[in-house]
Amino acid sequence: MPNWEELERLCLGCQKCALADTRTNVVFGKGPRDARVMFIGEGPGENEDLQGEPFVGRGGQLLDEMLSLIGLSREKNFYITNIVKCRPPKNRDPLNTEQDACIGYLWEQLELIRPRIIVCLGRIAAIRLIKPEFKITREHGQWTELDGVFYTAIYHPAALLRDPTKKPDTFADLRAIRAKIREICPEVYG
Ligand code: URA
């Protein structure tokens, strides 16, 4: 099992799938390595590929604004990453083969960080991390516990930008996330 620096070095040099050929930067993740709360999206978009940091485009700005309302910031108290670490061309969904090639990096990140709460951003992450038949419209905001880790999913920020009528549901889900943090790992809020 690599330590954090080794894992990051391996990931930054990864050639396990064809996304390596078209990427500008590998987007490993951002946030404190001892975060109790982790947010996981599907894969980097154009801005993320250019900057090497997850969720830095319009969707990411919206996400940061919403999370600041429940006292969360990537500088302080959550870690954010993606299922695949390189941008799929034209922002298509990552293929299962690409996810399979990449997911080991996420498993190692989870082993090293050991978060208590995992929030999937959108259906691709929820399908991969919660259950294959996950339905985001029906099941966002619901909690699943596995080995003491609490999983939930909220709408992807890009979906909120496309359809702002989904925002009230997401604010309700975020309030529930804040309540779960206070219950399970109140130290997040110092
Ligand atoms: N969408 C994602 O799923 N992840 C990012 O990092 C950016 C956009």
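For the structure itself, look to the data block above.
Residues numbered from 1 in each chain as written. Predicted model: local features only at pLDDT ≥ 70, side-chain atom pairs only at ≥ 80, totals over all residues. Heavy atoms only, no water.

### A word on the packing of helix 4 (residues 58-69) against helix 9 (residues 167-184)
Where helix 4 contacts helix 9, the axes come no closer than 10 Å and their chain directions differ by 45 degrees. Taken together, helix 4 and helix 9 sit at an angle that is classed as oblique. For the pair helix 4 and helix 9, the sense of crossing is right-handed. Listed contacts from helix 9 to L62, M66, L67 and L69 of helix 4 are K167, T170, F171, L174 and R178. A class-by-class count of the residues in the contact of helix 4 with helix 9 yields six nonpolar, one polar and two charged. (Axes fitted to C-alpha atoms, helices over the stretch in contact; angles between N-to-C directions. Helix = DSSP H or I, 4+ residues; strand = E, 2+ residues; numbered from the N terminus. Parallel < 35°, antiparallel > 145°, perpendicular 65-115°, else oblique. Left-handed = near helix turned anticlockwise from the far one by under 90°. Contact = heavy atoms within 4.5 Å. Nonpolar A, V, L, I, M, F, W, Y, C, P; charged D, E, K, R; others polar.)

### A few points about the sheet that holds strand 4 (residues 144-146)
Ordered by their spatial adjacency, five strands build an open sheet running 2-1-3-5-4, and the pairing between neighbours is mixed. Each edge of the sheet is formed by a strand with only one pairing partner; in this case those strands are strand 2 (79-82) and strand 4. Within the sheet, the average angular offset between the axes of one strand and its neighbour, ignoring direction, is 25 degrees. Bridge count for strand 3 (residues 117-121) against strand 5 (residues 149-154) is five bridges, and the pairing is parallel. Residue pairing in the sheet places V119 in a bridge with T152 of strand 5. (Pairing = 2+ DSSP bridges.)

### Quick look at the environment of Q99
Residue position: Q99 is located in helix 5 (residues 96-113). Judged by its relative accessible area of 5%, Q99 is buried. The spatial distance from the C-alpha of Q99 to the C-alpha of I83 is 6.5 Å, given a sequence separation of 16 residues. For Q99, the contacting residues outside a window of four places in its chain are I83, V84, P94, I124 and R128. (Buried < 20%, exposed > 50% of the residue type's maximum accessible area, 1.4 Å probe, protein only.)

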